[in-house]
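# Per-entry structural report
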Amino acid sequence: MSEHNSFSDSDVKDTDISKDSSINEKIEKTHSYHDVDFERRTMRYVDWRILPVLALVYSFALIDRINLGAAHTAGMGVDLKLLTGDRFSVVSCVYFVPYILLQLPGNLVLRKFGVRNWLTFIVASWGAVQLGMGFVKTWGYLALCRVLLGIFEASFFPALLFIISTWYKRHEVHTRLAVFYLLSVTAGGLSPILAYVFSLLGGKQGIAGWRWIFIIEGAITLALATVTWLFIPAFPDQNTFLTHEQTALVLKRIDEDRGDAVPDALTLKKVVGHLCDWTLWAYGIMFMCAAMPSYAQSFFLPIILRGMGWSQTASLLLSAPPYGPSILTTLLVAWLSDKHKHRSGFIVLTTLVCLIGLCLTAFAKQNEVRYFGAFLINAGNSGAIPTILAYSSNNVVSHSKRSVQTAMTISLGAIGGILATTVFRAKDYPRYIPGLAVTIGSQILMLLLLALTTIHFTRLNRLMREGKRTKPLEGQPGFLYTL
């Protein structure tokens with residue numbers, strides 16, 4: 001989309017080069033020409049080394065987060081008296097309060113504590129909490145466990161996005177984010193099936209089936225903490241799995257693309273300055289709107305299907321198929337988006353598909369048509385989410401701003417989870433029309449914000465091309481925003 005030179009604007013990015021001499025040495029010692037095959041093999045190895053392990057661990061973060069609906073259907077609602085008032089919505093909602101508040105602090109300390117140390121700690125911690133949820137006796141203790149789960153999971157997803165975005169060029173990242181997201185969500189989509197299988201253990205050792213869901217999934221997460229310790233990748237300049245030449249190549253590619261291969265110093269002044277950038281808030285609200293259908297399906301689809309007349313077993317098993325077709329559509333959207341170096345048009349397209357699905361599920365008379373709507377909701381929503389993440393990631397420069405941007409985007413996105421758990425009220429069972437209507441409104445709001453940011457970026461790009469702007473965009477000479 002644009003030609004990029006090495007980053008050197010000290011007014012915007014005051015990197016202390018002397019402190020990062022070893023990193024700069026890697027970049028400067030890179031051969032002026034790299035064989036195309038060597039670059040292709042290196043980046044393919046990076047893909048296989050980074051994406052599967054991150055997706056594997058994050059998939060269980062998703063499963064541990066969204067298994068309430070399945071456990072509720074498997075008998076938890078009756079045993080813990082969650083059918084009284086809005087208790088189930090409260091238990092679902094309290095998770096998001098610490099999850100929102102602690103994402104930015106978690107991202108800011110990621111380099112200080114080290115990727116492997118920090119992420120292993122939080123994976124082990126939320127695994128222990130998840131296992132403990134299988135032994136709670138009252139809905140109050142369940143709510144407390146959900147709060148702890150939110151505390152420990154808060155910084156995990158933004159940290160993964162932060163790490164992924166530092167390894168790739170701007171117009172390579174969408175495909176990688178889509179692969180990561182799909183691997184995670186597809187595995188997460190198996191949550192209802194896993195829950196059903198685990199619930200069949202009901203009565204074993206005198207433990208109810210829904211309790212086995214939490215116990216087994218918590219134990220698996222604890223095992224994944226070991227995988228995290230052994231295989232989780234760090235930032236490119238800190239990695240230990242590439243050769244010196246491969247590391248230098250990766251750093252050089254990033255430096256030429258957007259000039260932030262070398263991490264800049266993280267200061268309070270910079271963090272505050274980044275928080276004052278309204279576009280970061282716009283990305284976060286857009287992600288919030290995109291997250292609402294995702295959370296709504298995760299939490300309430302088994303319950304909605306139960307209300308359509310299907311049995312408990314059928315409701316759990318039928319919750320998984322809507323995740324299937326979205327794999328192909330999301331990968332196609334990501335590939336086309338990276339190929340054409342364009343994001344906003346694809347966000348519009350996928351959001352419209354999601355809107356059609358929401359309308360069918362909310363207002364159609366036949367249950368079969370309402371169920372088909374769930375397929376469209378997931379196909380559109382799964383395409384929109386990684387596209388929004390790529391859109392926001394493409395339009396920031398520097399490690400400090402990227403750490404703030406990823407945390408803000410995901411933390412504001414979590415508000416979509418709060419909204420989903422509060423607007424889908426027990427008294428609206430079985431059709432949940434008010435909740436679906438609010439979700440439809442969120443998609444319209446997302447399209448309006450997308451139009452605003454696109455007009456803003458188009459104007460700044462035009463001024464830069466016409467030479468009417470002296471200060472480089474994002475402080476990076478030659479940088480143009482991705483539309």
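Residues numbered from 1 in each chain as written. Predicted model: local features only at pLDDT ≥ 70, side-chain atom pairs only at ≥ 80, totals over all residues. Heavy atoms only, no water.

Pairing between side chains becomes possible if they bear opposite charge and their charged atoms approach one another. The final tally for this structure, using the stated rule, is 16 salt bridges. For the salt bridge of lysine 401 with aspartate 277, the shortest nitrogen-to-oxygen distance reads 2.8 Å. Of the two residues, lysine 401 is situated in helix α21 (residues 399–423) and aspartate 277 in the loop between α15 (268–275) and α16 (278–307); the sequence distance between them amounts to 124 residues. Since its relative accessible area comes to 7%, lysine 401 is described here as buried. Close ionic contact of glutamate 466 with lysine 468 constitutes a salt bridge, the shortest N to O distance being 3.2 Å. By relative accessible area, which is 42% here, glutamate 466 ends up partly exposed. (Salt bridge = Lys/Arg side-chain N within 4 Å of Asp/Glu carboxyl O. Helix = DSSP H or I, 4+ residues; strand = E, 2+ residues; numbered from the N terminus. Buried < 20%, exposed > 50% of the residue type's maximum accessible area, 1.4 Å probe, protein only.)

The N-to-C vectors of helix α19 (residues 344–363) and helix α20 (residues 367–394) enclose an angle of 155°; their axes lie 7 Å apart at closest approach. On the basis of their axis angle, the class for α19 and α20 is roughly antiparallel. Considering only the axes of α19 and α20, their crossing is left-handed. Considering only residue class, the contact of α19 with α20 consists of 15 nonpolar, 9 polar and 1 charged. (Axes fitted to C-alpha atoms, helices over the stretch in contact; angles between N-to-C directions. Parallel < 35°, antiparallel > 145°, perpendicular 65-115°, else oblique. Left-handed = near helix turned anticlockwise from the far one by under 90°. Nonpolar A, V, L, I, M, F, W, Y, C, P; charged D, E, K, R; others polar.)

Our focus in this paragraph is the nonpolar core. Generally speaking, a soluble globular protein has its nonpolar side chains buried in company with each other. Core analysis: the largest hydrophobic core is formed by 126 residues, its most contacted members being Met76, Leu119, Phe156 and Phe180. Ranked by residue count, the leading element in this core is α16, at 16 residues. In contact with methionine 76, not counting residues within four places along its chain, are Leu68, Ala71, Lys81, Leu82, Phe88, Leu142, Trp210 and Phe214. (Core = buried A, V, L, I, M, F, W, Y, C linked by side-chain atoms within 4.5 Å. Contact = heavy atoms within 4.5 Å.)

The next point concerns the side chain of threonine 228. Inspection of the secondary structure assignment puts threonine 228 in helix α13 (residues 209–231). Discounting chain neighbours no more than four positions away, the residues touching threonine 228 are Val57, Arg116, Leu119, Thr120 and Val123.

On to the side chain of serine 400, then. Inspection of the secondary structure puts serine 400 in helix α21. Here serine 400 is in contact with Asp264, Ala265, Leu266, Lys270 and His274, once residues within four sequence places are set aside.

The next subject is the confidence of the model for the protein chain. On average, the protein chain scores 85 in pLDDT, and the residues at 70 or more come to 92%. Long-range and interchain partners of residues 1–20, a stretch whose pLDDT sits below 50, account for 52 contacts in this model, where long-range means more than four residues apart. A low-confidence stretch, residues 27–33 stays under pLDDT 50, and its non-local contacts, those more than four residues away or across chains, total 9 contacts. (pLDDT = per-residue confidence, 0-100.)

As a further point, take a nonpolar patch on the surface. Together, Val97, Leu101, Leu102, Tyr141, Leu144, Leu148 and Ile151 make up a nonpolar patch on the protein surface, roughly 620 Å² of accessible area in all. Among the elements of the structure, α5 (96–101) and α9 (139–153) are those that each provide at least two residues to the nonpolar patch. Element by element, the count of residues in the nonpolar patch is highest for α9, at 4 residues. If you trace the backbone, leucine 144 turns up in helix α9. The exposure class assigned to leucine 144 is partly exposed, which follows from its relative accessible area of 45%. (Patch = residues over 30% accessible without salt bridge, like charges linked within 9 Å, V, L, I, M, F, W, Y side chains within 5 Å. Areas by Shrake-Rupley, 256 points an atom, 1.4 Å probe, with all protein chains shown as cover.)

What follows deals with the environment of serine 392. Structurally, the position occupied by serine 392 is in helix α20. As a C-alpha pair, serine 392 and threonine 409 span 17 residues in sequence and 8.2 Å in three-dimensional space. Of the polar contacts made by the side chain of serine 392, one reaches the backbone oxygen of leucine 389; its length is 2.9 Å. (Polar contact = N/O pair within 3.5 Å; in protein donor to acceptor, adjacent residues only side chain to side chain.)

Here α9 contains 15 residues, and its C-alpha end-to-end distance of 21 Å stays within 8% of the 21 Å for a straight helix at 1.5 Å per residue. Looking at α9, one finds that the buried residues are Leu142, Ala143, Cys145, Arg146, Leu149, Gly150 and Glu153. Here the buried residues of α9 occupy an arc of 160° about the axis, which is enough to place them on one side. (Expected span 1.5 Å × (residues − 1). Arc of directions from axis to C-beta.)

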